[in-house]
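Listed here are the chains, written in short residue letters.
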Amino acid sequence: MCGIAGYLRKKGAVLPEKTVKKMLERIGHRGPDQSGVYLRGDLALGSVRLSIIDKEKHLIPYENKDKTAAIVYNGEVYNHEQIRGLYRGKYRFSSSSDAETVLSHFLHQGVKSFSDYNGMFAFALHDSLKEELYIVRDKAGEKPLYYVNNDKFFAFASEIKALLEVITPALNKDCISYHAYEFNTGEETLFKDIYCLLPGEYLKIDRQGRLTKHAYWKVWDNLIYLPDNLKKIESRLSDLLVDAITLRTKNCVHRFGTFVSGGVDSALVACIAKPDYLYTCHFDIKNDYDELDYAKLVAKKINKRLIIVRPTQADFERTRRKIIYHLDTPCTWTSFSLWMLLERAIKDIKVVLSGDGADEIFSGYHRYHLLHHDEQIKNLKALERYSYLVDRYYGSPVERYTRIVNRCENRYDKEVSRYLEENIGFYFSKMGHDHIHAMGVTDFYTTMQELLQFSDRINMAFAVENRSPFLDYRLIQFAFSMPSKYKIKNGVTKWILKKVAKKFIPKEIAERVDKRGFSAPINHWFGWGKNGKYDRSEYKNMAFQDWVSAFGVKIGEG
C-alpha cells in the first residue's frame, strides 16, 4: 500500500525526476516506510510505500530482471498467490510483493491481465522496449488515480494535491456534478484540468505521447447466469461473504480492526473477520445519533472489547481544515467521524476492514423504496395494459430517480437536471431498465465513488489501509446478477443480505430498519436548519470555503 506519482515530459526543460520527488513529498503520509524513483529519459515514476504484506525492504519502484519494465503500485491484489501459481516452474519470483506479481503477469498476458485481479489498486506500468506507459485503476474504484495531460507533459498521482506541484490550482466552474451531487463524480474534478481515471479503466500512452482511454471491466459486461433459486442464492452468497471477508484478513503482518456503526454491513464484517480491535463512534445526543447499544451487541457476539470514541464540536473545529486538505475536495459526509476513529485506532492497527459498497450492490438505501413502490403499481392487473400511464403520471423511472438524487440548491436548474438524466439514463439502460439493479449501479459509479474517495484519503492520512470485502468483484457480479426481487422485499431493503446475516450477527441488528451510520451532529452543534435538523447548504458552504483556503484555489479562473 502506498502512493504513486509520475511525470512524462513532452517538451520543455522541467526535470522529471526532481518533479516526481516533489510530488511524492506532498503524499508522503501515504507511505512512510520507503520511497523511490524510476527514471527513463523523459519519464519518471515514483512511489512511497507502507509495509502491509511484510516488513522487509523492497526495491521500489519494482523492475523486472532485465530492467526493461517497471511498476509503481498502490494497493493490494488479494489473489496474487493464485496468479503466481500460473507461473510455477516457468518463472522464479524474487520477492513476496504483489507488485512483482502484477508486473510479471502483465509482461506475460498484456492488458488482459488487468481483469484477473481481485483487489484494490492503482498502478503505472512502463514497458521501455515498446516505450508504452499504462495507468490502471481497480474495478470498483477503491484506490484513486488523477492525471493532467497537455502538450507539455503528462502527470499522474494518487492524490490531487501532488499534481498541484505541476499545475496552478484553479476552480473548474464546468464541474456540474458538484452542483448535482454536492461533490464531483466522473472524470472531471473541481480543479481545472485535473481528471480522474474511472473505475475499471486504464490509460495507454504510446511512444508518440498519444493518450487513449480504455475500459477493461464494467459491471454490466461481467454479469453471470444465476437461476432463480432462493435456497441456492442464499447459500452461495453466504459462502462468498465468508470468503471475501476472510481473504482480506490475510496478507497482513499487522493487527487489524473494524469500525462498527451498529448496522448490518459492519456487523457482518466484524462477526466473520473477528478483528483484533473493535471501534465505534458515539454522539450522546438523544436517539438520532446513538448507535452504541447495537455496537455493544457486536462486541459481545465476538467477545472483543469495544473501544468507544466520543467526538465533540471542539474536535470538529480542530480537525475540519485538516480533513478538507486530505480529502482534496469539499466533501461533507461522514469524514469527520472516520477521522476521529482513526485518531484513536492508529495506536493499535495498520489495517481496517469496512462495509463500504454493501448499500449500493445490495440496495440498502431507503430512497430505493420510493421508485420501487411506484413501479409496483404496474403489477396491478387493472393496469396490465396501461402501465404507460404510470410513467405519464409519475415520470419515467430515470426522471423519478433524477428527482430523488438531485441535491442542487436550485432543483429547477435545467442544466443540472439534464446532466443527471443523461448520466442516470446511461446506467439504467446498461442494466436493462431493471430499476432496482439500475439504482444500485448508478450509485455504484456515482455516490459510492465519493464515499470511497474520502475513505481512502482519511485512512491514508494516518497511513492505515482500508479493505472493503463487499467490493470483491465476485460479490459485485453476484449481487447485480441475482433476481433483483431478493434485494428489496416486503418493504425491507438489503433483504437477501439481512437474511444471510442472521447466521452470523445478532438478530437485533439483522432486523433493524433505522440504521444511521457514522453521521455527526454538525447541524445540531451549529444550530443549522429547522430545529437543528440536517441542512446541507450550510455545511456545504463551510467545506467549500475551507477547500478554497486550503489549496489557494483561484475562483476567478475556470
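The following paragraphs examine the structure supplied in this document.

### A short note on the nonpolar core
Then step 1. One finds Phe123, Leu268, Phe362 and Ile505 to be the most contacted residues of the largest nonpolar core, which totals 98 residues.
Then step 2. Top contributing element to this core by residue count: helix H7 (residues 264-273), with eight residues.

### Regarding the packing of aromatic side chains
Then step 1. Applying the stated criterion across every chain yields a total of 45 aromatic pairs.
Then step 2. With centroids separated by 5.1 Å and ring planes inclined at 70°, the aromatic side chains of Phe191 and Trp547 adopt a geometry described as edge-to-face. Here Phe191, found in the loop between helix H5 (176-181) and strand E10 (195-196), pairs with Trp547, found in helix H22 (residues 536-551); they are 356 residues apart in sequence, far enough to count as distant. In terms of burial, Phe191 and Trp547 fall into one category: buried.

### So, the packing of helix H9 (residues 313-327) against helix H17 (residues 447-461)
Then step 1. Two numbers describe how H9 lies on H17: the axes approach to 9 Å, and their chain directions differ by 115°. Here H9 is positioned roughly perpendicular relative to H17, judged by the angle of their axes. In the packing of H9 onto H17, the handedness of the crossing is right-handed. Each of Ile323, His326 and Leu327 in H9 lies in contact with H17, whose residues at this interface are Gln453, Phe454, Arg457, Ile458 and Ala461.
Then step 2. Looking at the contact of H9 with H17 residue by residue, the class counts come to five nonpolar, two polar and one charged.

### Concerning the pairing of strand E8 (residues 146-149)
Then step 1. Bridge analysis of E8 against E10 gives two bridges, and the strand direction is antiparallel. Paired with Tyr146 across the bridge in E10 is Cys196.
Then step 2. Judged from the four bridges that link them, E8 and strand E9 (residues 153-157) form a sheet pairing that is antiparallel. Residue pairing across strands places Val148 opposite Ala155, the latter belonging to E9.
Then step 3. If you look at the hairpin formed by E8 and E9, you'll find three residues sitting between the two strands.

### Considering helix H10 (residues 335-345)
Then step 1. Counting buried positions over the 11 residues of H10 gives nine, a clear majority of the element.
Then step 2. Every buried residue of H10 is listed here: Ser335, Phe336, Ser337, Leu338, Trp339, Met340, Leu341, Leu342 and Ala345.

### Observations concerning the sheet that holds strand E12 (residues 211-215)
Then step 1. Judged by pairing direction, the sheet is antiparallel, and its six strands sit side by side in the order E4-E5-E6-E7-E11-E12 without closing on themselves. Strands with a single pairing partner mark the edges of an open sheet, and in this sheet they are strand E4 (62-63) and E12.
Then step 2. Sheet analysis places strand E7 (residues 132-137) next to strand E11 (residues 201-205), joined by four bridges and oriented antiparallel. For Val136, the partnering residue across the bridge sits in E11 and is Tyr202.

### As for a nonpolar patch on the surface
Then step 1. On the surface, a nonpolar cluster with roughly 290 Å² of combined accessible area is contributed by Tyr386, Tyr388 and Leu389.
Then step 2. One can find Leu389 in helix H13 (residues 388-394).
Then step 3. According to the relative accessible area criterion, Leu389 is partly exposed, its value standing at 34%.

### Description of helix H8 (residues 292-302)
Then step 1. Those residues of H8 not exposed but buried are Leu292, Ala295, Val298, Ala299 and Ile302. For H8, the angular spread of the buried residues around the axis is 115°, confining them to a single face. Looking at H8, the residues exposed on the side facing more than 90 degrees away from the buried face are Asp293 and Lys300.
Then step 2. Check the buried side of H8 and you find it contacts H7, strand E14 (277-281), strand E15 (306-309) and helix H20 (507-510).

### Structural notes on the environment of Leu226
Then step 1. Looking at the element boundaries, Leu226 is found in the loop between E12 and helix H6 (230-247).
Then step 2. According to the relative accessible area criterion, Leu226 is buried, its value standing at 18%.
Then step 3. With 252 residues separating them along the chain, Leu226 and Phe478 place their C-alpha atoms 8.0 Å apart.
Then step 4. Filtering out sequence-adjacent residues up to four positions away, Leu226 remains in contact with Phe478, Ser481 and Met482.

### Regarding unusual backbone geometry
Then step 1. Although it is not a glycine, Glu131 adopts a positive phi angle of roughly 55°.
Then step 2. With respect to the helices, strands and loops of the structure, Glu131 is situated in the loop between strand E6 (119-127) and E7.
Then step 3. Phi is positive for Asn303, close to 60°, though the residue is something other than glycine.
Then step 4. Mapped onto the elements of the fold, Asn303 is located in the loop between H8 and E15.

### Some details on the pattern of salt bridges
Then step 1. Summed over the entire model, instances satisfying the criterion amount to 40 salt bridges.
Then step 2. Measuring nitrogen to oxygen at the nearest pair gives 2.6 Å for the salt bridge that ties Lys213 to Glu187. You can see Lys213 sitting in strand E12 and its partner Glu187 sitting in the loop between H5 and E10, a full 26 residues away along the chain.
Then step 3. Using a relative accessible area of 42% as the deciding quantity, one classes Lys213 as partly exposed.
Then step 4. If you follow the salt bridges from partner to partner, you end up with Arg30, Lys143, Glu159, Lys161, Asp328, Asp456 and Arg457 in one network.

### Comments concerning the environment of Val20
Then step 1. The residue Val20 is located in helix H1 (residues 16-26) in this model.
Then step 2. Since its relative accessible area comes to 0%, Val20 is described here as buried.
Then step 3. Along the chain, Val20 and Asp546 lie 526 residues apart, while their C-alpha atoms are 27 Å from each other.
Then step 4. Not counting residues within four places of it along the chain, the set of residues in contact with Val20 comprises Ala5, Gly6, Tyr7, Val37, Ala44, Leu45 and Gly46.

### Examining the sheet that holds strand E16 (residues 351-353)
Then step 1. Strand order across the open sheet formed by five strands is E15-E14-E13-E16-E17, with parallel pairing between neighbours. Lying at the two open borders of the sheet, with one neighbouring strand each, are E15 and strand E17 (465-467). Along the sheet, successive strands turn relative to each other by an average axial angle of 30°, direction set aside.
Then step 2. Summarising the sheet, E16 and E17 pair through three bridges and their orientation is parallel. Residue Val352 lies in a different strand from E17, and its bridge partner there is Asn466.

Cut-offs and rules
- Residues numbered from 1 in each chain as written.
- Predicted model: local features only at pLDDT ≥ 70, side-chain atom pairs only at ≥ 80, totals over all residues.
- Heavy atoms only, no water.
- Core = buried A, V, L, I, M, F, W, Y, C linked by side-chain atoms within 4.5 Å.
- Buried < 20%, exposed > 50% of the residue type's maximum accessible area, 1.4 Å probe, protein only.
- Helix = DSSP H or I, 4+ residues; strand = E, 2+ residues; numbered from the N terminus.
- Phe/Tyr/Trp six-rings, centres within 6.5 Å; stacked < 30°, edge-to-face > 60°.
- Axes fitted to C-alpha atoms, helices over the stretch in contact; angles between N-to-C directions.
- Parallel < 35°, antiparallel > 145°, perpendicular 65-115°, else oblique.
- Left-handed = near helix turned anticlockwise from the far one by under 90°.
- Contact = heavy atoms within 4.5 Å.
- Nonpolar A, V, L, I, M, F, W, Y, C, P; charged D, E, K, R; others polar.
- Pairing = 2+ DSSP bridges.
- Patch = residues over 30% accessible without salt bridge, like charges linked within 9 Å, V, L, I, M, F, W, Y side chains within 5 Å.
- Areas by Shrake-Rupley, 256 points an atom, 1.4 Å probe, with all protein chains shown as cover.
- Salt bridge = Lys/Arg side-chain N within 4 Å of Asp/Glu carboxyl O.
- Arc of directions from axis to C-beta.

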